[in-house]
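Observations on the three-dimensional arrangement
Residue-level listing of the chains:
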Amino acid sequence: MFGIEFVPADPALKIGYMAKLAEDAGFETIWITDHYNNRDAYSTLAILSLLTSRVKLGPGVTNPYTRNIAITASSIASINELSGGRAILGIGPGDKATFEAMGIEWDKPLTRVKDAVLTIKALLARARVDQGGFKGAQLAFSTNKIPIYIGAQGPKMLELAGAIGDGVLINASHPEDFKFAIPIVKQGAEKAGRDPKEIEICAYASFSADRDLEKAEKAAKIVVAFIIAGSPNNVLERHGVSQDEAKKIYTSIAKGDFGSLMADVTLKMVESFSISGTPDKCSSRITELVQTGVTQIVVGSPIGPDKERSIKLIGKSII
Ligand code: F42
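Residues numbered from 1 in each chain as written. Predicted model: local features only at pLDDT ≥ 70, side-chain atom pairs only at ≥ 80, totals over all residues. Heavy atoms only, no water.

1. Quick look at the overall build of the protein chain
The cut-off we apply is this: Starting at the N terminus, helices and strands are each numbered in turn, a helix being any DSSP run of H or I of at least four residues and a strand any DSSP run of E of at least two. Only C-alpha atoms enter the radius of gyration, while the globule expectation follows 2.2 Å times N to the 0.38, with N the number of residues. The buried label applies to any residue whose accessible area, calculated with a 1.4 Å probe on protein chains only, is under 20% of its type's maximum; exposed applies above 50%, and partly exposed to all values in between. Here, residues are in contact when the closest pair of their heavy atoms is within 4.5 Å. Here the open area of atoms and residues is found with the Shrake-Rupley method and a 1.4 Å probe, where only the protein chains shown may cover a residue. Charged residues are defined here as Lys and Arg on the positive side and Asp and Glu on the negative side; His and the ends of the chain fall outside this count. Lys charges are placed at NZ, Arg charges at CZ, Asp charges at CG and Glu charges at CD.
In terms of regular secondary structure, the protein chain is built from 14 helices and nine strands. Taken against the 2.2 N^0.38 rule, which gives 20 Å for 319 residues, the C-alpha radius of gyration of the protein chain at 19 Å falls within 12% of a compact globule. By its C-alpha atoms, the protein chain is 55 × 40 × 40 Å across when sized along the principal axes. For the protein chain, the residues scored as buried account for 50% of the 319 residues in total. Intrachain contacts of the protein chain at a sequence separation of at least 6 include 75% that bridge at least 24 residues. When the accessible area of the protein chain is evaluated, it comes to approximately 14300 Å², of which 54% is carbon and sulfur surface. Each charge sign in the protein chain was given a centre, from 37 positive and 36 negative side chains, and these centres are 2 Å apart.

2. Comments concerning the side chain of Thr29
Let me state the cut-off plainly: Within 3.5 Å is the distance limit for a polar contact, defined as a pair of N or O atoms, with the added protein rule that one can donate a hydrogen and the other accept it, and that residues adjacent in sequence qualify only through two side-chain atoms.
Within the element layout of this structure, Thr29 appears in strand β2 (residues 29–32). Overall, the relative accessible area of 3% leaves Thr29 in the buried class. For Thr29, the side chain forms a polar contact with the side chain of Gln296, separated by 2.5 Å. Apart from the residues within four sequence positions on either side, Thr29 is in contact with Met1, Phe2, Gly3, Ile4, Val55, Lys56, Ile88 and Gln296.

3. Considering helix α1 (residues 12–25)
An α-helical turn contains 3.6 residues, so any two residues separated by three or four positions project in the same direction. Selection criterion: In this analysis, the expected span of each helix is defined as 1.5 Å times one less than the number of residues it contains.
An ideal rise of 1.5 Å per residue puts 20 Å on 14 residues; α1 measures up with 19 Å between its terminal C-alpha atoms. For α1, every residue scored as buried is listed here: Ala12, Ile15, Gly16, Met18, Ala19, Leu21, Ala22, Glu23 and Ala25. Looking at the packing, one finds that the buried side of α1 touches β1 (2–6), β2, α2 (41–51) and α14 (307–317). Directly after α1, the chain includes Gly26, whose backbone phi takes a positive value near 110 degrees.

4. Some thoughts on the packing of helix α5 (residues 109–124) against helix α6 (residues 155–164)
Selection rule: Axis definition: a line fitted to C-alpha atoms, limited for helices to the stretch in contact. Angles are taken between N-to-C directions and run from 0 to 180 degrees. Small angles under 35 degrees read as roughly parallel and large ones over 145 as roughly antiparallel, with 65 to 115 read as roughly perpendicular and the rest as oblique. By the definition used in this description, the sense in which the near helix is turned from the far one sets the handedness, with an anticlockwise turn below a right angle giving left-handed and a clockwise turn giving right-handed.
Across the interface, α5 lies against α6 with an axial gap of 10 Å and an inter-helix angle of 15 degrees. Compared by their axis directions, α5 and α6 come out roughly parallel. Taken as a pair, α5 and α6 cross one another with a handedness that is right-handed. On α6, the residues that touch Pro109, Leu110, Val113, Lys114, Val117, Leu118 and Lys121 of α5 are Lys156, Met157, Leu160 and Ile164.

5. So, the site of the ligand
Just so we agree on the cut-off: Summary of the distance rule: residues count as near a molecule or strand when at least one heavy atom falls within 4 Å of that molecule or strand. Lys, Arg, Asp and Glu make up the charged group, whereas Ala, Val, Leu, Ile, Met, Phe, Trp, Tyr, Cys and Pro make up the nonpolar group; the residues left over, Gly among them, are polar.
Taken together, 25 residues surround the ligand, and among them Gly94, Leu110, Thr111, Met157 and Leu169 come closest. The contact in question runs from an oxygen atom of the ligand to an N or O atom on the backbone of Asp34, over 2.9 Å. Within the backbone of Pro155, one N or O atom sits 3.3 Å away from an oxygen atom of the ligand. For the ligand, whose accessible area on its own is 1000 Å², the fraction buried by protein is 75%. Residues of the shell around the ligand, tallied by class, amount to eleven nonpolar, ten polar and four charged.

6. Here we look at the packing of helix α8 (residues 213–230) against helix α10 (residues 243–255)
At a minimum axis distance of 9 Å, the contact between α8 and α10 shows a crossing angle of 115 degrees. The two elements α8 and α10 meet at a crossing, and its hand is left-handed. Counting all contacts with α8, which are made through Ala225, Phe226, Ile228 and Ala229, the residues of α10 involved are Ala246, Ile249, Tyr250 and Ile253. In terms of residue class, the contact of α8 with α10 is built from eight nonpolar, no polar and no charged.

7. Describing the packing of aromatic side chains
What characterises a pair of aromatic rings is the spacing of the ring centres plus the angle enclosed by the ring planes. Here is the rule: Aromatic rings from Phe, Tyr and Trp, with only the six-membered ring used for Trp, were paired whenever their centres fell within 6.5 Å, and each pair was classed as stacked if the ring planes differed by under 30 degrees, edge-to-face if by over 60, and tilted otherwise.
With the rule as written, the count across this model stands at three aromatic pairs. Between Tyr65 and Phe99, the ring centres sit 5.3 Å apart and the planes meet at 55 degrees, which makes this aromatic pair tilted. Here Phe99 lies in helix α4 (residues 96–102) and Tyr65 lies in the loop between β3 (56–59) and α3 (69–82), a separation of 34 residues in the sequence. You'll find Tyr65 and Phe99 in the same group, each marked buried. Relative to Trp106, the ring of Phe99 lies with its centre 6.5 Å away and its plane at 70 degrees, an arrangement referred to as edge-to-face. With relative accessibility at 32%, the residue Trp106 sits in the partly exposed group.

8. Quick notes on the nonpolar core
Rules: For our purposes a nonpolar core is just a set of buried Ala, Val, Leu, Ile, Met, Phe, Trp, Tyr and Cys residues, chained together by side-chain atoms within 4.5 Å.
Ranked by internal contacts, the top residues of the largest apolar core, which has 70 residues, are Ile4, Phe6, Phe27, Ile30, Val168, Phe207 and Ile311. Leaving out residues up to four positions away in the same chain, Val168 has contacts with Tyr149, Ile150, Ala152, Leu158, Ala161, Val185, Ile199, Glu200, Ile201 and Cys202.

9. Considerations on α14
Along α14, the residues classified as buried are Ser310, Ile311, Leu313, Ile314 and Gly315. Tucked inside the fold, the buried residues of α14 contact β1, α1, β7 (200–209), α13 (279–292) and β9 (296–303).

See below:
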């Protein structure tokens, strides 16, 4: 199955247009990123609910810090109603850098995500919630079941996703990352007495497709630079990126020196941190990912050098 990510750095109506294209191209899920500095994810999802008719859609991912989780339950239930039962909820611990700018402290992310998922499930089932500081919170309208996907990279978050999620959104593009992550998700499911096959494993991947290999790779470089700058050391080591190389990239981003970035990000890095290239090249990477146990490929930024053309190309030559 294929999904696609849109970043509401663009206006909602523009994303609505792209979303319809994606639906027509054969994508089955649409994920809208959630960061305070972009357009609001739920306003965007409301527009998408009206402009599409088959795709499932939801935030990918929201978090328990910037929105009270009862509001998240109400928001996603509203999207479910507007879309005729097509809502999906992606939730994760959130993005540390934007929290700092908002003055939000990132305390106990694992516990917060766990409590959020369990509470949101209870609220969506119209239960009265009296735990986690809530005092009798209850939704005043009904909704049918909304699948909850957990955004996870770290081992404990991956295990939690296996234990309580309907799916997991793993921000990675290379088979080695999934060979590490998937057994942990499955172990989390087994420990919780669940069938590991029930959990959807999504590769939330940086993706860049074009008939011209070089154009596709070039378009991925900026996104790959940001991924490397934000990756923990164990992930960099897994892909043979030295501390010095990562530091150089981090410094170029901080200076806004995008000219240097194009030289700092090597083709090997593009291979490790994105799915980029011609449709054939992307397809063979997708086959490798499916062999590790991935069940959904989420086509993430940049999508390609020309988003509209790449969506059509992915539909025609990959999906
Ligand atoms: N973040 C956003 O803010 N917006 C987005 O739109 C977004 C999209 C997105 C899509 C897919 C995806 O996979 C991630 C995405 N993210 C987005 C990022 C996401 O919110 C997380 O930042 C990302 O998934 C990283 O999470 P992580 O799994 O690495 O978890 C962190 C918190 C971590 O360190 N986890 C550790 C682990 O092993 O999993 C565990 C930490 C731990 O145990 N903490 C203890 C606890 O109780 O929480 C406390 C420890 C102590 O000493 O206090």
